[in-house]
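Residue-level structural notes
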2 protein chains.
Amino acid sequence: MIRENEKIFVIDDDESVRRSLPLLLKTMDYEVETFSSSEEFLNSKQFNGSGCIILDINLEGKSGLELQDELLKNPYHLPIIFITGKGKVPESVQAVKKGAVDFLQKPFDDEQLLKAVEEAVAKSRNWKKEFDEQMEAKDKIDKLTQRELEVLKYVITGMLNKQIANELNIAEHTVKIHRGKITEKIGVKSVAELVRIAEQAGIQPLYTKIS
Amino acid sequence: MIRENEKIFVIDDDESVRRSLPLLLKTMDYEVETFSSSEEFLNSKQFNGSGCIILDINLEGKSGLELQDELLKNPYHLPIIFITGKGKVPESVQAVKKGAVDFLQKPFDDEQLLKAVEEAVAKSRNWKKEFDEQMEAKDKIDKLTQRELEVLKYVITGMLNKQIANELNIAEHTVKIHRGKITEKIGVKSVAELVRIAEQAGIQPLYTKIS
DNA sequence: GATTTTATAGAACTAAGGTACTATAGACAT
DNA sequence: ATGTCTATAGTACCTTAGTTCTATAAAATC
């Protein structure tokens with residue numbers, strides 16, 4: 001199965017939308033779940049796969065744009081396709097600037113929606129892949145002690161062991177021990193791999209200021 | 001001077017806009033140049049600094065959206081702020097999805113515009129910085145011979161010289177010679193720096209398929 | 001045709017990275 | 001108190017990286 005684990009969440013207070021969209025989406029083999037409010041969606045069990053959210057702007061309680069702001073606080077979330085009856089330019093601009101994949105005005109045709117969904121799901125796959133890699137990298141970095149992390153930040157600049165030792169006022173041998181622990185814990189055998197993993201985890205190299 | 005070299009390009013067929021916007025922008029110490037059509041802008045001497053473009057959607061000849069498409073073909077271009085009389089949601093969504101910083105409907109107040117300009121200029125600075133770094137990295141990579149580039153792609157995976165030698169069916173010594181040339185030409189002294197520069201230049205590591 | 005660039009390689013050497021084994025000392029937990 | 005974790009370090013050893021000198025051969029350039 002190609003689209004394993006991909007799911008579309010429809011959030012709209014209009015019952016006719018909650019009836020018709022799933023029918024359309026299921027013909028394209030998407031899994032679908034519907035909600036009538038932002039709160040109902042937020043209270044549902046969190047979904048970690050890829051997919052997207054089709055979200056009405058005008059909702060009772062928390063509006064679509066407010067829900068978007070809420071979701072943006074998470075490090076990982078699903079791409080959003082907004083749908084609206086009478087859309088205004090400023091809110092559509094805001095929504096898209098914050099990463100929404102599309103902003104469709106009712107009535108929209110099926111083709112338009114499916115194209116947007118396809119784009120959103122593709123984006124979701126990429127986001128998820130990047131996020132998973134980032135998490136994996138962070139998990140590895142988390143195994144390091146404070147001192148090891150410090151040494152790592154120097155190692156990924158390309159500094160020599162003796163330079164790092166000098167910077168930290170310790171023996172070169174001790175730096176070697178730390179490096180050994182680092183590569184062992186992270187499970188790599190080269191500086192090149194350390195540089196990549198550190199970058200994925202958002203660790204910045206610690207360059208010494210030239211004095 | 002803080003905003004050295006930053007310039008705002010106003011492209012609008014409405015003469016009153018071409019008169020009033022420069023006055024406003026110059027109070028904020030921006031350099032400004034105006035054009036009455038896309039063609040006029042495209043024929044002007046190209047600008048390599050940072051800044052932004054304020055662009056009317058509805059222009060005679062090439063429209064604002066068409067000019068945006070044109071500019072997107074370049075590896076480097078200025079961020080765009082669209083202005084329009086009667087904006088429609090679909091075109092505003094398309095414009096922003098393609099990277100436009102904002103989409104303002106006339107009449108807009110000065111504050112709104114200046115905020116958008118500030119954001120656009122900040123984005124421009126980042127883009128320019130990234131672009132310049134990328135160019136610098138590519139220039140360095142361009143000095144390498146085909147074979148050296150090939151070796152580099154293996155080096156940045158973290159492979160040992162003897163593994164690379166085996167992969168290429170040459171002597172380990174030859175790999176060392178190539179590496180020496182690579183680090184000399186690129187002007188670095190460590191694998192870590194090679195990994196960074198290769199990444200900036202868009203060079204992908206060449207992992208050997210595990211057999 | 002002569003010169004330069006590129007790719008190759010051996011021999012010999014220095015420097016740097018990495019790994020034992022051993023050891024001390026403070027911090028923290030059971 | 002006893003054990004584990006962390007950070008430190010010396011000695012000794014092996015592996016890997018990098019350079020120098022020499023050398024060959026094909027390709028490109030002048």
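Quick note: structure is the one above.
For the structure given in this document, a descriptive report is provided here. Only a predicted model underlies this, so the values are computations on that prediction, with no experimental measurement involved.

Reading guide: rules and limits
Residues numbered from 1 in each chain as written. Chains lettered and ligands numbered in written order. Predicted model: local features only at pLDDT ≥ 70, side-chain atom pairs only at ≥ 80, totals over all residues. Heavy atoms only, no water. Near = heavy atom within 4 Å. Polar contact = N/O pair within 3.5 Å; in protein donor to acceptor, adjacent residues only side chain to side chain. Helix = DSSP H or I, 4+ residues; strand = E, 2+ residues; numbered from the N terminus. Least-squares fit on C-alpha atoms with pLDDT ≥ 70 in both. Contact = heavy atoms within 4.5 Å. Buried < 20%, exposed > 50% of the residue type's maximum accessible area, 1.4 Å probe, protein only. Pairing = 2+ DSSP bridges. Axes fitted to C-alpha atoms, helices over the stretch in contact; angles between N-to-C directions. Phe/Tyr/Trp six-rings, centres within 6.5 Å; stacked < 30°, edge-to-face > 60°. Right-handed = clockwise from strand over helix to strand, strands pointing away.

Quick look at the protein's contact with DNA strand D now. Surrounding DNA strand D, one finds 15 residues, the nearest of these being Thr 145, Arg 147, Ala 171, His 173 and His 178 of chain A. If you look at DNA strand D and keep only atoms within 4 Å of the protein, 61% of those are sugar or phosphate atoms. At a separation of 2.6 Å, a phosphate oxygen of DNA strand D approaches a polar side-chain atom of Thr 145 of chain A. Among the secondary structure elements, those contributing two or more residues to the surface near DNA strand D are helix 8 (172-186) of chain A together with helix 7 (161-168) and helix 8 (172-186) of chain B.

A word on the relation of the copies chain A and chain B. Expressed as a screw transformation, the operator carrying chain A onto chain B has a rotation angle of 180° and an axial translation of 0.0 Å, and the superposed copies differ by an RMSD of 0.1 Å. The two molecules are tied by a two-fold rotation axis, judged by turn and shift. It is Val 89 of chain A whose C-alpha, among those of chain A, lies nearest the rotation axis, at 2.5 Å. Most of the interface of chain A is mirrored in chain B, where 100% of its interface residues again form contacts.

With that out of the way, let us pick up the side chain of His 77 of chain A. Residues and elements named next belong to chain A. With respect to the secondary-structure elements, His 77 resides in the loop between helix 3 (64-72) and strand 4 (80-84). By relative accessible area, which is 15% here, His 77 ends up buried. Leave out the neighbours within four places in its chain, and His 77 touches Leu 71, Leu 72 and Trp 127.

Residue and element names in this part refer to chain B. Here 5 strands make up an open sheet; going across it, the order is 2-1-3-4-5 and the pairing parallel. The open sheet has two edge strands, strand 2 (31-35) and strand 5 (102-105), and neither has a second partner. Mean inter-strand twist for the sheet, computed between neighbouring axes without regard to direction, equals 20°. As paired elements, strand 1 (residues 6-11) and strand 2 share 5 bridges and run parallel to each other. The partner of Ile 11 across the bridge, within strand 2, is Phe 35. Sheet strands touched by helix 5 (residues 110-142): strand 1, strand 3 (50-56), strand 4 (80-84) and strand 5. Its angle to strand 3, the strand with the most contacts, is close to 135°.

The next subject is the packing of aromatic side chains. Within a pair of aromatic rings, the relevant descriptors are the distance that separates the centres and the angle that separates the planes. All names here are of chain A. One pass over the full model with this rule turns up 12 aromatic pairs over all chains. Ring geometry for Phe 9 against Phe 41: centres 5.6 Å apart, planes inclined by 75°, an arrangement best described as edge-to-face. Note that Phe 9 is positioned in strand 1 (residues 6-11) and Phe 41 in helix 2 (residues 38-43), a separation of 32 residues in sequence. Of the two residues examined, Phe 9 and Phe 41, each falls in the buried class. Three or more aromatic residues joined by ring pairs make a cluster, and in this case those are Phe 9, Phe 35, Phe 41 and Phe 47.

Before going further, it helps to spend a moment on the pairing of strand 1 of chain A. Residues and elements named next belong to chain A. Counting buried positions over the 6 residues of strand 1 gives 6, a clear majority of the element. Both faces of strand 1 are covered, namely the face carrying Glu 6, Ile 8 and Val 10 and the face carrying Lys 7, Phe 9 and Ile 11. Examined bridge by bridge, strand 1 and strand 3 (residues 50-56) share 6 bridges and lie parallel to one another. Pairing of Ile 11 across the sheet is with Leu 55, part of strand 3. Chirality of the crossover, the property in question, places the unit of strand 1, helix 1 (residues 15-27) and strand 2 (residues 31-35) among those that are right-handed.

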